[in-house]
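The residues making up each chain are set out below.
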Amino acid sequence: MSKRWRRFHEHAVVLGLFSIILSPPQSIADDEIAFELSTTLMRSTFKITGSKKFGTAFIVGKPIPDTLGQAFYVLVTAAHMLRDIEEDEATLWLRKKEGDNFSRLYWKVPIRQSKKPLWIEHPEADIAVMYVKLPKVADIEFLPLSFLATDKELKDYEIPPGDRLFCLGFPLGAEANEAGFPILRSGTIASFPLFPTSKTKTFLFDFAVFGGNNGGPVYFEDTNRSNRGAIKLGEVLHI
């Protein structure tokens, strides 16, 4: 398979695991914060490294039961990334914010204990997740788990081959700036059928892939989306 073509599970996110969020800008109250998916994912996506391996990981939040507004940090990346790191610790290249400035913050994350993995892998896709403890000074605007969805949304919003997708990562280890933010790139859905995802399992994503991209989030965002023959003016669709 050409390096230009990659299946979604190699990027740690399968489209069938995404969810849809509709946020009509006109309805946002004064005390609410407008949600901007690309910025949120930029601030929750980080380089992950071992002594001989580097790639991409991102953080999502799992709500803490009976604790309003707080969540556990869950690291998501490609399973082979963690397997290929020989050490018992990986380094997350976090960031901290001071005023309007961002700077690097290197943070060691245990990934094995007594030679046993601390992560859980999907039985079929190249995806791994694990709880992590992160420093309070780290700048993280994580994605809630409530953003994960099902085939129903893919059908309801008529996501077809050819739709443009966005992805975040560190191609060849490159970063967007000195603070270490990921590089945002885009491509298109390049295979059919897309669902049921329980059978298709993976989709092709057409964009130029380099080492360091694996493990990063792939997502969809559109405005004024046509849905069942009608254009939803003002609605921003995030997947």
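What counts, and where the lines are drawn
Residues numbered from 1 in each chain as written. Predicted model: local features only at pLDDT ≥ 70, side-chain atom pairs only at ≥ 80, totals over all residues. Heavy atoms only, no water. Helix = DSSP H or I, 4+ residues; strand = E, 2+ residues; numbered from the N terminus. Buried < 20%, exposed > 50% of the residue type's maximum accessible area, 1.4 Å probe, protein only.

**Let's talk about unusual backbone geometry**
Residue P193 is bonded to the preceding F192 through a cis peptide linkage, with omega at 0°. Residue position: P193 is located in the loop between strand 14 (183-189) and helix 4 (197-200). The linkage connecting F195 with the following residue, P196, adopts the cis geometry, with an omega of 10°. For P196, the location among the structural elements is in the loop between strand 14 and helix 4. Positive phi is not limited to glycine here, since L172 has a value of about 55°. Judged by relative accessible area, which is 63%, L172 ranks as exposed. Here the phi dihedral of K201 falls at roughly 65°; this positive angle occurs in a residue that is not glycine. Checked against the element boundaries, K201 lands in the loop between helix 4 and strand 15 (204-206).

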